[in-house]
Each structure stands twice: as C-alpha cells, then as structure tokens.
Amino acid sequence: MSKLTRIYLPLVIYIWINALFLVKYLSRLTIWYGWSVIAYVIAIFAVFAFSVYYFPKKSEKFFKLCVCVSVVLFVAASLFLSFKIDPYELNVDRWSAIHNFLFNMLNGIYPYSAQTHLGGYGSPFPFWQIFHLPFYALGNVGYSSVFVILLFVLSLCKTRSFLVGFKAMLLLCMSPAIWYEIIVRSDFMANFLLCATVINYMHSIKFDAKRHIMLSALIIGLFLSTRWATAIPFAVYLFPSFYKWKFKQQFSLILLSCLVFALTFIPFILWDYDELLFFDYNPFILQTRQGSIWDLLLVVPIGIWTSLRYRSNNASYAFQIAFVLFMSVAVAFVHTSFKHGMEYGLFDQIYDICYFNMALVFLILGISIKNQADTSNEISA
C-alpha cells in the first residue's frame, strides 16, 4: 500500500460514511441533496489540505485555545438541539430503550420488559444501561454522547497533544453522522467512542495486558456488557501479542472476561430468569439478529489477518480496528442483500447505516493521531 493511500484511504472512508447520512436524510428534504454531498466532499478536502499546510506552523497554546472554543460551541449546539427537539417525535428509539429500562428498574419493574416509545425493546447489556444513570437523573440519557465525546477529545489532549485533540474535535464536528446521533439521542456511537478512548489510553501508556490479565479481563468484560461488538476493537488491538502468550494465559483472559460479563447479569437473572433468557426479544437475540454465523466465520480471518499486519506508525492500530469494524458491517449487509434477493436499497429499513459509525469512531481516532510531520512528508514524497 502506497504512502498516499495510507493517508487518503481513511479520509475517503470517513467521507463515504458521512455522505451516506447526507444522502439518506437530505434526500427526504430536497432533490438537490447530490449538490450538498459534493459541497461536503470539497469542504472536507479543503479543510484537510489547509490543516496540513497551516497546523504545523502553530503552537500548542494556540491549539489549546482552539480546543476550548470548539468544546464550548459543540456543547452549546448539542444542548440547543436537545432542548429544541421532542424525543417522542423521533422515529429512532435507542434513547427510550435506555430511559425506559432505567425507569422500570428504579420503580421495581423488571427492566428488560420495558418497551421503547416505538413499541420495541432495548438491546444494550446491563453495564451500558447502568452507565446512563447519571444522565437519566439529568433528564436526558442522550447527554451520554456529549459527555463521551468530550471525554474522548480531552483524553487525546492529555495523552497526545492539543493539536490531536483539536483535529478530533474538528472531525467530530464536521461529521453529519455525529450530529445525527446527537439529534436522535442515540447512545450507539458513544459506546464505541468510550471504547476508543480506553484503547487509546492503553496504547499511550503501553499497557501490558499479559502482565495485567485480571485488569484486562475486567475492562473487556465490562465492555462486553455494553454491546458484544465492542469485542472486535479489543480483539484486533490485543491479538498481535495475545497469540504469542502461553495457552494458560490466553485461557485465563478469555475465561475471566466472560466471567465479568456474566456477573453483570446476575442481578437480572435473580430478578426474573425466564424474562431475561427465554423472552423472544431479550438483549442476546436483539444483538445478534443483524448477522449470522456465516458472517462471523468470514470476519474472524479478516480480523486475524488485519491485526497481524505490521503497525507502521502510531495510528495503524486505529485504522486496523476501523477496517475490521467496517468489513463486519459490510459483510452483514451483503449477506442481507443476497438473503432478500437484492430487492432492497441501502437506505431501506432492513439496513441500519448507523452500524458504520463503529468504524467511523476509529477512523477519527486514527486520522487525529496520525503524526502531522509524517503526513506532510508523505504528501511531498
């Protein structure tokens, strides 16, 4: 893969994912949505070219100011949208899946029996539901997205630099997919932003999972208790060292991670065993209905091959994770297309393009931490 490809391919995929959201939702409002997408693509490349030329000339003090200003503007815009939009008028029920779960739990009603405002059921696992308690207390579980975005950006400022933090803030603010998540009060991208924050911190401190198996298992197990898909980033990140471990160490990490995951369900199993495990819409069924065992059998070797590729720079691990997440969604979508005879378009209800946001998060991380000096040198090469 050429140097230019390593620079621009992640950016192109970032643009493609965001363009999907523009096409899907602007096409409902105007026939001129195509021009909006073209303008968006031009704007992104213009900002990228400007940053490559301009950012190396500025100091960390300048970027610290930029981060502060952008954070204030972002929070103000997010709060404005939260107050302006009635959540009960939304045709997306991820927010009420969490809100109604917590309402039931705090009122002595079995939480996983809670229906959303659209009549569906919640799929998040227990730890992610409990994580939202402070935001539920504030009256809006959607605040979790704002909180996690700020945590993600500030962690990059702390572990990397204010330049990296500002690049991340810029990419987040220029992403229609991000604003979609905030508008509909979705928790989905926040889940993977938190995952990316933790993995970035592990990478920055050179965390040795082999020496700290119990802590690693605790982290992985708790993330598994949000959504099963969070196993993919940790698997891709840790596998290059994991496969060299002794079998006993490998088995210990997997067993302890599964144990932590299982323990988070104990209160709900004791509360109502049948309602959790034998309910037609329990979270285990809901989290696996988008794929199949055949998809998994194809994605696993892709993940192993990708994770074992040489990590040539500080951003490689983020791009590797993004690629595997992107492929896991693409494989599931292609399988669904064949299953239904290719009769549905990408924007049909059987496809949820929000799943691409898993990859988008790690693309933003990788593009942000990509060394600016290396980028300038590669472009001139």
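Residues numbered from 1 in each chain as written. Predicted model: local features only at pLDDT ≥ 70, side-chain atom pairs only at ≥ 80, totals over all residues. Heavy atoms only, no water.

### A word on the overall build of the chain
Next up, step 1: Along its length, the chain carries 20 helices and 0 strands.
Next up, step 2: A compact globule built from 381 residues should have a C-alpha radius of gyration of about 21 Å, and the chain, at 21 Å, falls within 12% of that.
Next up, step 3: Expressed as lengths along the three principal axes of its C-alpha atoms, the size of the chain is roughly 65 × 55 × 45 Å.
Next up, step 4: Buried residues in the chain amount to 49% of all 381 residues.
Next up, step 5: Surface summary for the chain: the accessible area is close to 18,600 Å², and the carbon and sulfur share equals 68%.
Next up, step 6: For the chain, the distance from the average position of its 26 positive side-chain charges to the average position of its 17 negative side-chain charges is 18 Å. (Helix = DSSP H or I, 4+ residues; strand = E, 2+ residues; numbered from the N terminus. Rg over C-alpha atoms; globule rule 2.2 N^0.38 Å. Buried < 20%, exposed > 50% of the residue type's maximum accessible area, 1.4 Å probe, protein only. Areas by Shrake-Rupley, 256 points an atom, 1.4 Å probe, with all protein chains shown as cover. Lys, Arg positive; Asp, Glu negative; His and termini not counted. Charge placed at Lys NZ, Arg CZ, Asp CG, Glu CD.)

### Some points on the pattern of salt bridges
Next up, step 1: Inspection of the entire model under this criterion finds 2 salt bridges.
Next up, step 2: As a salt-bridge pair, R94 and D352 come within 2.9 Å of each other at their nearest N and O atoms. With R94 in helix α4 (residues 94-106) and D352 in the loop between α18 (316-339) and α19 (357-369), this residue pair connects regions lying 258 residues apart in the sequence.
Next up, step 3: Here R94 falls in the buried class, since its relative accessible area comes to 15%.
Next up, step 4: As a salt-bridge pair, R227 and D187 come within 2.9 Å of each other at their nearest N and O atoms. One end of the pair, R227, is in the loop between α11 (213-224) and α12 (231-242); the other, D187, is in the loop between α9 (176-183) and α10 (188-204), and 40 residues separate them in sequence. We note that R227, like D187, is buried. (Salt bridge = Lys/Arg side-chain N within 4 Å of Asp/Glu carboxyl O.)

### Here we look at the environment of K370
Next up, step 1: Secondary-structure assignment places K370 in the loop between α19 and α20 (372-380).
Next up, step 2: With relative accessibility at 9%, the residue K370 sits in the buried group.
Next up, step 3: As for K370 and N313, which are separated by 57 residues in sequence, their C-alpha atoms are 7.8 Å apart.

### Some remarks on the packing of helix α7 (residues 143-159) against helix α8 (residues 162-173)
Next up, step 1: Packing of α7 against α8 leaves a shortest axis separation of 6 Å and a crossing angle of 150 degrees. Taken together, α7 and α8 sit at an angle that is classed as roughly antiparallel. Here α7 contributes I149, F152, V153, L156 and C157 to the contact with α8, which in turn contributes F162, V164, G165, A168, M169 and L172.
Next up, step 2: The class makeup of the residues in the contact of α7 with α8 is 10 nonpolar, 1 polar and no charged. (Axes fitted to C-alpha atoms, helices over the stretch in contact; angles between N-to-C directions. Parallel < 35°, antiparallel > 145°, perpendicular 65-115°, else oblique. Contact = heavy atoms within 4.5 Å. Nonpolar A, V, L, I, M, F, W, Y, C, P; charged D, E, K, R; others polar.)

### Quick look at the nonpolar core
Next up, step 1: Counting 115 residues, the largest nonpolar core has Y14, F152, F362 and L365 as its most contacted members.
Next up, step 2: If one sorts the elements of this core by residue count, α18 sits on top with 12 residues.
Next up, step 3: The contact partners of F362, leaving out residues within four places of it in the chain, are F192, C195, A196, I199, P233, A318, I321, A322 and L325. (Core = buried A, V, L, I, M, F, W, Y, C linked by side-chain atoms within 4.5 Å.)

### Brief notes about the confidence of the model for the chain
Next up, step 1: Mean pLDDT over the chain: 90, with 92% of residues reaching 70 or higher.
Next up, step 2: No element of the chain has a lower mean pLDDT than α20, which averages 42, and none a higher one than α11, which averages 98.
Next up, step 3: In this model, residues 373-381 is a region of pLDDT below 50 whose contacts with residues beyond four sequence positions or in other chains number 16 contacts. (pLDDT = per-residue confidence, 0-100.)

### Topic: unusual backbone geometry
Next up, step 1: Here the phi dihedral of R185 falls at roughly 60 degrees; this positive angle occurs in a residue that is not glycine.
Next up, step 2: Relative to the assigned elements, R185 resides in the loop between α9 and α10.
Next up, step 3: Phi is positive for K206, which is not a glycine, with a value near 55 degrees.
Next up, step 4: For K206, the location among the structural elements is in the loop between α10 and α11.

### So, a nonpolar patch on the surface
Next up, step 1: Together, Y243, I293, W294, L296, L297, V300, I304 and L308 line one region of the surface with nonpolar side chains, adding up to about 810 Å² of accessible area.
Next up, step 2: By secondary structure assignment, the location of L296 is in helix α17 (residues 293-307). (Patch = residues over 30% accessible without salt bridge, like charges linked within 9 Å, V, L, I, M, F, W, Y side chains within 5 Å.)

### Some words on α10
Next up, step 1: With 17 residues, α10 extends 25 Å from end C-alpha to end C-alpha; this agrees with the ideal 24 Å at 1.5 Å per step.
Next up, step 2: Phi turns positive one or two residues past the end of α10, at K206, with a value near 55 degrees. (Expected span 1.5 Å × (residues − 1).)

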